[in-house]
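Secondary and tertiary structure notes
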Amino acid sequence: MKILVVHHSRRSNDSFIYLSDDFKIANNQVYGAQELDTWAGIRMLAKSQELWRLEVCPNESLVRLISPLGEVLAKLEIRFDTGLHSLSDFEYLKALFKYGDSSIAFFSRKKLATWMEDLFQQNNFDLLWWETQFYEALIPNKPRSIVRSVNFEPVHVLAEDPSLLRYLRFLSKVRSERLISRTRELVAISPNDESNYKDYGANETKVLPLRQLPFISNSNFATEDFKEYFLFFGSNYNIRHNRRNLEYILEVLSPSMRKAGLKTKIATFGHRIPSEFFVPDNVAHFGFADNLQGKQLGSLGIVIPYHGGAGMQSKIFEPLILGVPVIANPKNLAGYDFQPYVHYYPATSEKEYIDGMVYFVQNAIAAWEMGKRAKIRAIEMFSESNFYSILNGIVQDDK
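In this report, the structure presented in the accompanying data block is examined. Chains are numbered independently. Their residues run from 1 in the order of the written sequence. Restriction of local features to residues with pLDDT of at least 70 applies here, the model being predicted, together with a cutoff of 80 or more for giving and counting side-chain atom pairs; totals for whole chains, interfaces and linings are based on all residues. Excluded from the side-chain calculations are hydrogens and water; all other atoms, namely the structure's heavy atoms, are used.

A word on the overall build of the protein
Strands are runs of DSSP state E lasting at least two residues, helices are runs of H or I lasting at least four, and both sets are numbered from the N terminus onward. Helix and strand content of the protein: 15 helices and 14 strands. The quantity called the radius of gyration is restricted to C-alpha atoms. Its globule counterpart is 2.2 Å times the number of residues to the power 0.38. Over its C-alpha trace the protein gives a radius of gyration of 22 Å, about what one expects of a compact globule, namely 21 Å for 399 residues. By its C-alpha atoms, the protein is 65 × 45 × 40 Å across when sized along the principal axes. The cut-offs for exposure are 20% and 50% of the maximum accessible area for each residue type, with area from a 1.4 Å probe on protein chains only; residues under the lower value are buried, those over the upper are exposed, and the others partly exposed. When each of the 399 residues of the protein is scored for burial, the buried share is 55%. Within the protein, contacts between residues separated by at least 24 positions form 66% of all contacts whose residues are at least 6 apart in sequence. Where accessible areas are quoted, they stem from the Shrake-Rupley method and a 1.4 Å probe; at the residue level, only the protein chains shown are allowed to cover. Carbon and sulfur atoms make up 51% of the accessible area of the protein, which totals about 17600 Å². Residue contacts are defined here by distance: any two heavy atoms, one from each residue, within 4.5 Å place the two residues in contact.

Here it is as structure tokens:
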């Protein structure tokens, strides 16, 4: 089957990674969990299908058609204006009025739509696979299209900030997701998202978890000595839920660790900690570091607060499939069947997080036994064979 995957990329010069199955290289080259999930999905499809890519790179004002061998066969230079500049684009305004969603309107450009339509007619693709629902305004009636949902956007928007402005945006996102779910074949990222789509009228939605998980379980990582630390992964602290989680680590858990007599520290990763935060001496920031998997394997465990947000959930499923002990709010599991106290230590309050940390320190063998059970469960759920079975079922299910 001749399949075209439409996806966005932060940098166009990373294209070589889509020809390799090496997770470590991809993990160091692509930007963020969504691009890593896309890379893994492309590698899976390429094993059994004739896989072409349409790479959308807004940062470079560039769109490229790339063959299965990595050859650039066509390209389009196009600006993706934002802010007030975008309001002068009629296609942007038309999509914004129809969907009420600026993320969809961002990609809605007449020049791009016309160029893509010509490509589809010239190349006779059997299937178009869209790596986000934000491409909705560009999707043609033929050939068949499948949309990989990044997350169920209304939940993400409202969880970030339950203000009046956010509630209005929530309503607009509900409108766009309802329009998409009733007309497209959707592939959700979690059971919770699948349930949300069904509640809003989706005819049929399949679940395809984070596709990099089998690549992680099949890779070997050098363990690093982080036995003094619990680890917290925050990524971009300009994103509200990441910022609130960081604030929880610095201003709630850090002093509570001292009160509990914990001599351990929390290691944080991601962007630079904003200057307005005070970083106590039992928190160490490592920024963007290599071999995060090895650091997890050498740590006391992973601490995952929950302050809203949605999306890829890689911060919890990666340590679970590595077998690293995890302390997390049950909401972080996104509907996947992991059991509290069996596969992870559940925490919904300051006291429960501290209790979990104390338990992991005082009962390290039991904590890693919990991690081992989680790894067995994760490999059962996210095995390579399961992914290929799900993926082939989606691709071959031509209605």
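Moving on from the model shown.
A short note on the nonpolar core
Core analysis: the largest hydrophobic core is formed by 56 residues, its most contacted members being Trp39, Trp129, Phe317, Phe338 and Phe382. Top element by residues in this core is helix α2 (residues 32-46). It accounts for 6 residues. Beyond its immediate sequence surroundings of up to four residues, Phe317 is in contact with Leu210, Leu213, Asn332, Leu333, Tyr336, Phe338 and Phe382. By convention a nonpolar core is built from buried Ala, Val, Leu, Ile, Met, Phe, Trp, Tyr and Cys residues, the set being connected through side-chain atoms within 4.5 Å. The next biggest cluster of nonpolar side chains, apart from the first, holds 36 residues, and it includes Val63, Leu65, Ala95 and Phe120.

Some points on the sheet that holds strand β7 (residues 185-188)
Think of it this way: DSSP has to see at least two bridges between two strands before they count as a pair. Sheet architecture is open: 8 strands sit in the order β4-β3-β2-β1-β5-β6-β7-β8, paired in mixed fashion. Both edges of this open sheet fall to β4 (72-77) and β8 (205-207), since each of them pairs with a single strand only. Direction aside, neighbouring strands of the sheet carry axes that sit 20° apart on average. Axes here refer to lines fitted to C-alpha atoms; in helices the fit is confined to the stretch in contact. Angles between the N-to-C directions go from 0 to 180 degrees. In the packing of helix α5 (residues 110-123) onto the sheet, the strands contacted are β1 (2-8), β2 (50-57), β3 (62-66), β4 and β5 (127-130), and the crossing angle to β4 comes to about 160°.

Notes on the packing of aromatic side chains
A ring pair, where both rings are aromatic, is described by two values, the distance of the centres and the angle of the planes. Aromatic contacts are taken between Phe, Tyr and Trp rings whose centres are within 6.5 Å, Trp giving its six-membered ring; a plane angle under 30 degrees counts as stacked, one over 60 as edge-to-face, and the others as tilted. According to the stated counting rule, one finds 26 aromatic pairs in the structure shown. Aromatic pair Tyr248 and Tyr353: ring centres 5.8 Å apart, planes at 70°, arrangement edge-to-face. Note that Tyr248 is positioned in helix α10 (residues 240-259) and Tyr353 in helix α13 (residues 350-362), a separation of 105 residues in sequence. Ring geometry for Phe338 versus Phe382: centroids 6.3 Å apart, planes at 40°, classification tilted. Here the residue Phe338 occupies a position in the loop between β13 (326-328) and β14 (345-346), and Phe382 occupies one in the loop between α14 (364-381) and α15 (384-396), the gap between them amounting to 44 residues. We classify Phe338 as buried; its relative accessible area is 4%. By definition here, charges over rings are those cases where NZ of Lys or CZ of Arg is within 6 Å of the ring centre and within 35 degrees of the ring normal. Above the plane of the ring of Trp52 lies Lys2, whose end atom (NZ or CZ) is 4.8 Å from the centre. One Lys or Arg, Arg109, reaches over the ring of Phe106 and ends 5.9 Å from the middle of that ring.

Re the sheet that holds β13
Taken in spatial order, the 6 strands line up as β11-β10-β9-β12-β13-β14 in an open sheet, and their pairing is parallel. Lying at the two open borders of the sheet, with one neighbouring strand each, are β11 (283-285) and β14. Pairing of strand β12 (residues 299-304) with β13, which is carried by 3 bridges, proceeds in the parallel orientation. Across the sheet, Ile302 pairs through a bridge with Val326, a residue of β13.

Topic: the packing of α10 against α13
Between α10 and α13, the shortest axis-to-axis distance is 10 Å and the interhelical angle comes to 60°. Judged by the inter-axis angle, α10 sits oblique to α13. Taken as a pair, α10 and α13 cross one another with a handedness that is right-handed. Here α10 contributes Tyr248, Val252, Leu253, Ser256 and Met257 to the contact with α13, which in turn contributes Glu350, Tyr353, Ile354 and Met357. Put simply, Ala, Val, Leu, Ile, Met, Phe, Trp, Tyr, Cys and Pro go in the nonpolar bin, Asp, Glu, Lys and Arg in the charged bin, and everything else, Gly too, in the polar bin. For the contact of α10 with α13, the residue count by class is 7 nonpolar, 1 polar and 1 charged. For classification purposes, an angle smaller than 35 degrees is called roughly parallel, one larger than 145 roughly antiparallel, one from 65 to 115 roughly perpendicular, and anything else oblique. In a left-handed crossing the near helix is turned counterclockwise from the far helix by less than a right angle, and in a right-handed crossing that turn is clockwise.

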